Amino acid sequence: MVPQKIVCSGCGFCLYEGDLLKSPQDIIKKYNGRCPNCNKKLDFSPESVTVSPYRAEEADAK
Ligand SMILES: [Zn+2]
């Protein structure tokens with residue numbers, strides 16, 4: 001299973017990082033809809049969070 005990372009698109013704060021695949025919705029719910037770092041309102045749109053395979057060494061060009 002590919003490790004996963006979900007970051008706030010506003011400030012880059014790492015909301016989730018781990019081996020389990022989680023939906024952004026679950027993560028957003030966990031933080032009550034707000035980034036704990038920059039207080040940006042998180043919604044379910046793909047633009048508000050970035051989900052990517054957690055692979056530091058080989059980031060795909062977006
Ligand atoms: Zn943030």
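Each value, and the rule that gives it
Residues numbered from 1 in each chain as written. Predicted model: local features only at pLDDT ≥ 70, side-chain atom pairs only at ≥ 80, totals over all residues. pLDDT = per-residue confidence, 0-100. Helix = DSSP H or I, 4+ residues; strand = E, 2+ residues; numbered from the N terminus. Pairing = 2+ DSSP bridges. Buried ≥ 20, exposed ≤ 12 C-beta atoms within 10 Å, placed from the backbone.

### A short note on the confidence of the model for the protein chain
For step 1, the next point in the chain: Overall, the predicted model of the protein chain reaches an average pLDDT of 78, with 69% of residues at or above 70.
For step 2, the next point in the chain: Looking over the protein chain, one finds the lowest element-wise mean pLDDT in strand β3 (residues 49-53), namely 68, and the highest in strand β2 (residues 14-18), namely 88.

### Considering the pairing of strand β1 (residues 4-8)
For step 1, the next point in the chain: Of the strand pairs in this sheet, β1 and β2 are connected by 4 bridges, and their pairing is antiparallel. Bridge pairing in β2 links Q4 to G18.
For step 2, the next point in the chain: Hairpin remark: β1 followed by β2, antiparallel, with 5 residues in the connecting loop; positive phi at G12, about 85 degrees.

### Considerations on unusual backbone geometry
For step 1, the next point in the chain: Notably, N32 is not glycine yet its phi reads approximately 55 degrees, a positive angle.
For step 2, the next point in the chain: In this structure, N32 sits in the loop between α1 (24-30) and β3.
For step 3, the next point in the chain: For N32, a count of 8 C-beta atoms within 10 Å gives the class exposed.
For step 4, the next point in the chain: Even without a glycine there, the phi angle at N39 is positive, about 65 degrees.
For step 5, the next point in the chain: Topologically, N39 is positioned in the loop between α1 and β3.

### A look at the environment of N37
For step 1, the next point in the chain: Structurally, N37 can be placed in the loop between α1 and β3.
For step 2, the next point in the chain: C-beta crowding within 10 Å serves as the criterion here: with 14 such atoms nearby, N37 is assigned to the partly exposed category.
For step 3, the next point in the chain: For N37 and C11, which are 26 residues apart along the polypeptide, the C-alpha to C-alpha distance reads 7.6 Å.

### Side note on the environment of Q25
For step 1, the next point in the chain: By the element assignment, Q25 lies in helix α1.
For step 2, the next point in the chain: Linking Q25 and L42, residues 17 residues apart in sequence, is a C-alpha distance of 9.4 Å.

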